[in-house]
Amino acid sequence: MVRDAHAESRFSYIAFCEGKARAAIQAIADDRRLQCGFIAWQGGTPIGFSSCRLGEYFLGTGVLVATINNVFVARTARRSLNGGSAALGLMEHMLTWAARRGAHEIMLHTTSGIDPGRTHKLVKRLGFGVVGGSYVRRFQ
């Protein structure tokens, strides 16, 4: 599923690295205090995943900020009722996780390019506000 998320994203022109993907997943498993990962299931089949990290703001101290790294629901499930429920559930799990660990806020940077309109509607529904944007300039 991680490979599918990469292949569907705007970063698909970059070669997928199985080793880096496994290392990222292992890092979550190794540090559950500051990182979390969730999987959405439909029956016995995974249809989505998310991950989040907790830390201090890079120029400050004493306040924890959570950053959502990934939220992905498989294309085959995305437009179904189960897909919408999976995305909502993944987000709610990360919100709960961050709040229970004392995060002052949680941020989501959407850079994959996968259905940004639907992502915007979901995060607005969950109480997120817009504080900036993502900008890209390619060199090649």
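Here goes a summary of the coordinates provided. (Residues numbered from 1 in each chain as written. Predicted model: local features only at pLDDT ≥ 70, side-chain atom pairs only at ≥ 80, totals over all residues. Heavy atoms only, no water.)

Digging into the overall build of the chain
So, step 1. Counting secondary structure elements, the chain contains five helices and four strands.
So, step 2. Counting from the amino terminus, helix and strand elements in the chain follow one another as α-α-β-β-β-α-α-β-α.
So, step 3. A principal-axis box enclosing the C-alpha atoms of the chain has dimensions of 40 × 40 × 30 Å.
So, step 4. Of all 140 residues assigned to the chain, the portion counted as buried reaches 27%.
So, step 5. In the chain, once contacts between residues fewer than 6 apart in sequence are set aside, the share between residues at least 24 apart is 55%.
So, step 6. Counting every atom, the chain has about 9,700 Å² of accessible surface; 54% of that belongs to carbon and sulfur.
So, step 7. Put simply, the chain has 18 plus and 9 minus side-chain charges, and the middle of one group is 5 Å from the middle of the other. (Helix = DSSP H or I, 4+ residues; strand = E, 2+ residues; numbered from the N terminus. Buried < 20%, exposed > 50% of the residue type's maximum accessible area, 1.4 Å probe, protein only. Contact = heavy atoms within 4.5 Å. Areas by Shrake-Rupley, 256 points an atom, 1.4 Å probe, with all protein chains shown as cover. Lys, Arg positive; Asp, Glu negative; His and termini not counted. Charge placed at Lys NZ, Arg CZ, Asp CG, Glu CD.)

Considerations on the environment of His120
So, step 1. On the secondary structure map, His120 appears in helix α5 (residues 116-125).
So, step 2. Overall, the relative accessible area of 39% leaves His120 in the partly exposed class.
So, step 3. Considered as a pair, His120 and Arg78 are 42 residues apart in the sequence and their alpha carbons are 15 Å apart.

As for the packing of aromatic side chains
So, step 1. Applying the stated criterion across every chain, the model contains two aromatic pairs.
So, step 2. Measuring from centroid to centroid gives 5.1 Å for Tyr57 and Phe58, while their planes differ by 65 degrees, and the two rings are edge-to-face.
So, step 3. In this structure Phe58 comes out as exposed when scored by relative accessible area, which is 69%.
So, step 4. Over the ring of Phe11 we find Arg10, and its NZ or CZ is 4.6 Å from the ring centre.
So, step 5. We note Arg138 situated over the ring of Tyr13; from NZ or CZ to the ring centre the distance is 4.2 Å. (Phe/Tyr/Trp six-rings, centres within 6.5 Å; stacked < 30°, edge-to-face > 60°. Lys NZ or Arg CZ within 6 Å of the ring centre and 35° of its normal.)

Describing the pattern of salt bridges
So, step 1. What the rule picks out here adds up to five salt bridges.
So, step 2. In this structure, Arg3 and Glu18 form a salt bridge, with 2.7 Å as the shortest nitrogen-oxygen distance. Highlighted residues: Arg3 in helix α1 (residues 2-8) and Glu18 in helix α2 (residues 18-30), separated in sequence by 15 residues.
So, step 3. Its salt-bridge partner being Glu8, residue Arg78 comes within 2.6 Å of it at the nearest N-O pair. Here Glu8 lies in helix α1 and Arg78 lies in helix α3 (residues 75-78), a separation of 70 residues in the sequence.
So, step 4. Taking relative accessible area as the criterion, Arg78 reaches 15% and is therefore assigned buried.
So, step 5. Salt bridges linked by common partners bring Arg3, Glu18 and Arg22 together as one network. (Salt bridge = Lys/Arg side-chain N within 4 Å of Asp/Glu carboxyl O.)

Everything listed here is a matter of coordinates, which is why it stays silent on function.
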